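Architecture at a glance
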Amino acid sequence: MTLQKIKPMENYDLYPMIFKRKSIRTYDMVPLNKKILQKISDFLNSLQPMYDDIITEFKIIPHNQVKRTMRKAPHYIAAFSENKAHYLTNIGFMLQQMNLFFSANEIGSCWQGIPQPIKEVKGNSNLEFVILMAFGKAKKTLYRMNKSEFIRKPLWKITDITGMKELLEAARLAPSSTNSQPWYFTGNENTIHAYIGNTGLLRRFFAKNLLQIDVGIALYHMKLAAEHFGRKVTISYSPTAQTTLSKRFTYITTLNI
Ligand SMILES: Cc1cc2nc3c(=O)[nH]c(=O)nc-3n(C[C@H](O)[C@H](O)[C@H](O)COP(=O)(O)O)c2cc1C
């Protein structure tokens, strides 16, 4: 078996990837070599949680342990979590670090909301299976050449905050299930409340879990941008934030900058 040559994994500068990453759906099915998989596994073990009191587990599994896939990748990350408040948003926040890390190291990846691991994989964890991320050597181009290639809503549709452009732009470009971009942000220069926004009722019902993961992804992009610009960020739940917007918006959490 021939193993591909991929640059040694060493790029941990994730912020620039926000502006060039894209989902990869066509892979070279030759497995990545052991050294690279070890680096991936090491980074996987160092992911920052959004809430550190939620137990999570991440497993790298081969394609033959995944079902309901249209297009296969050689490897998948299966994310598991304790089922408690904010666990889906937490997984979005954590696994998006992997998505950017893969981009930074010239490996393709794609969130996978529909495929599922086989029952033996699910049975091997005490935690609830949440979602998969496919990864491997990309057969097509890994990056967007510029921001105009992102099909995204304009900023004014996802926020009423006038400042904090760098943070909100990072959220705007985040990936989401079926590119629905369900997030909405209110607040000011120091406090940004994140909501699941005005998505259709059907989507709210059938893709409820994915929407919460999506918001976690956007929150990670915002945190990364804040840190890039030298700001410190904490995340907390504000009991009064739900009441500030209409009922069509579901409050998720707050970024304190
Ligand atoms: C939670 C989540 C689930 C997703 N599920 C799938 C999937 O099952 N199949 C797929 O091809 N893409 C999936 N995607 C990728 C999105 O379609 C993609 O992120 C979106 O269209 C934006 O494109 P981009 O990632 O290239 O910027 C998923 C993305 C997210 C965030």
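Residues numbered from 1 in each chain as written. Predicted model: local features only at pLDDT ≥ 70, side-chain atom pairs only at ≥ 80, totals over all residues. Heavy atoms only, no water.

Observations regarding the domain arrangement of the chain
For the chain, the domain assignment lists domain 1 (15-136) and domain 2 (152-256). Measuring from the centre of the C-alpha atoms in domain 1 to the corresponding centre in domain 2 gives 22 Å. Taken together, the contact pairs 20 residues of domain 1 with 24 residues of domain 2. Both sides together, the interface formed by domain 1 and domain 2 hides about 2000 Å², and carbon and sulfur atoms give 73% of it. Where domain 1 packs against domain 2, one counts zero salt bridges. If you look at where domain 1 meets domain 2, you find four residue pairs in polar contact (both at pLDDT 80 or more). For the side of domain 1 that touches domain 2, the elements supplying multiple residues, two or more each, are α2 (87-104) and β6 (128-136). Ranked by the residues each element gives to the side of domain 1 that touches domain 2, the list is headed by α2, at eight residues. Across the side of domain 1 that touches domain 2, the residue classes tally to eleven nonpolar, eight polar and one charged. (Domains from an automatic or database assignment. Contact = heavy atoms within 4.5 Å. Buried area = accessible area lost by both parts, 1.4 Å probe. Salt bridge = Lys/Arg side-chain N within 4 Å of Asp/Glu carboxyl O. Polar contact = N/O pair within 3.5 Å; in protein donor to acceptor, adjacent residues only side chain to side chain. Helix = DSSP H or I, 4+ residues; strand = E, 2+ residues; numbered from the N terminus. Nonpolar A, V, L, I, M, F, W, Y, C, P; charged D, E, K, R; others polar.)

Section: the pairing of strand β4 (residues 108-112)
Among the five residues in β4, five count as buried, and that is most of the element. The alternating pattern of β4 places Gly 108, Cys 110 and Gln 112 and Ser 109 and Trp 111 on opposite faces, both of which are buried. Direction of pairing for β4 relative to β6: antiparallel, over a ladder of five bridges. If you follow Trp 111 over to β6, its bridge partner there is Met 133. (Buried < 20%, exposed > 50% of the residue type's maximum accessible area, 1.4 Å probe, protein only. Pairing = 2+ DSSP bridges.)

Topic: the nonpolar core
Counting residues in hydrophobic clusters, the biggest one holds 66 residues, and the most contacted among them are Met 98 and Phe 185. Shared between two domains, this core holds at least three residues of each, these being domain 1 (15-136) and domain 2 (152-256). If we ignore the near neighbours within four places in the chain, the residues touching Phe 185 are Ile 158, Thr 159, Asp 160, Ile 161, Leu 168, Ala 171, Ile 192, His 193, Ala 194, Ala 218 and Met 222. Tyr 27, Cys 110, Leu 127 and Ala 138 belong to the second-largest nonpolar core, a separate cluster that totals 16 residues. (Core = buried A, V, L, I, M, F, W, Y, C linked by side-chain atoms within 4.5 Å.)

Brief notes about the side chain of His 193
With respect to the helices and strands, His 193 occurs in strand β8 (residues 191-196). A distance of 2.7 Å separates the side chain of His 193 from the side chain of Thr 254, its partner in a polar contact. Among residues more than four places away in sequence, those in contact with His 193 are Tyr 184, Phe 185, Thr 186, Ser 238, Ala 241, Tyr 251, Thr 253 and Thr 254.

Concerning helix α7 (residues 208-228)
A rise of 1.5 Å per residue sets the reference length of α7, with its 21 residues, at 30 Å; its end C-alpha atoms lie 31 Å apart and thus fit the reference within 8%. Of all 21 residues making up α7, 15 are buried, and the element is well covered by its neighbours. After α7 finishes, the residue Gly 230 shows a positive phi value of roughly 75 degrees. (Expected span 1.5 Å × (residues − 1).)

Looking at the sheet that holds strand β10 (residues 250-256)
Overall, antiparallel pairing links the four strands, which are arranged β7-β8-β10-β9 in an open sheet. At either end of the open sheet lies a strand with only one pairing partner, and these are β7 (183-187) and β9 (234-236). Pairwise comparison of adjacent strand axes, ignoring direction, gives a mean angle of 30 degrees for this sheet. Strand direction decides the pairing type here: β9 and β10, joined by three bridges, are antiparallel. (Axes fitted to C-alpha atoms, helices over the stretch in contact; angles between N-to-C directions.)

Let's talk about the packing of helix α5 (residues 165-172) against α7
Remark: α5 packs on α7, axes separated minimally by 8 Å, with the N-to-C direction vectors making an angle of 145 degrees. Judged by the sense of rotation from one axis to the other, the crossing of α5 with α7 is right-handed. Residue-level contacts link Glu 166, Leu 167, Leu 168, Ala 170 and Ala 171 of α5 to Ala 218, His 221, Met 222, Ala 225 and Ala 226 of α7. Class assignment for the residues of the contact of α5 with α7 results in eight nonpolar, one polar and one charged. (Left-handed = near helix turned anticlockwise from the far one by under 90°.)

Examining the site of the ligand
Around the ligand, the surrounding shell holds 22 residues, and the nearest of these are Arg 21, Ser 23, Arg 25, Gly 113 and Arg 152. For the ligand, the protein covers 85% of the area, taking 620 Å² as the surface of the free molecule. If you list the elements that add at least two residues to the shell around the ligand, you get β4 and α7. Element by element, the count of residues in the shell around the ligand is highest for α7, at four residues. (Near = heavy atom within 4 Å. Areas by Shrake-Rupley, 256 points an atom, 1.4 Å probe, with all protein chains shown as cover.)

Considering the sheet that holds strand β3 (residues 75-81)
Taken in spatial order, the four strands make up an open sheet running β1-β3-β6-β4, and their pairing is antiparallel. At either margin of the open sheet sits one strand with a lone partner, and together these are β1 (56-62) and β4. Strand-to-strand twist across the sheet, computed as the mean angle between neighbouring axes with direction ignored, equals 25 degrees. Along the sheet, α2 makes contact with β1, β3, β4 and β6, crossing β6 at roughly 10 degrees.

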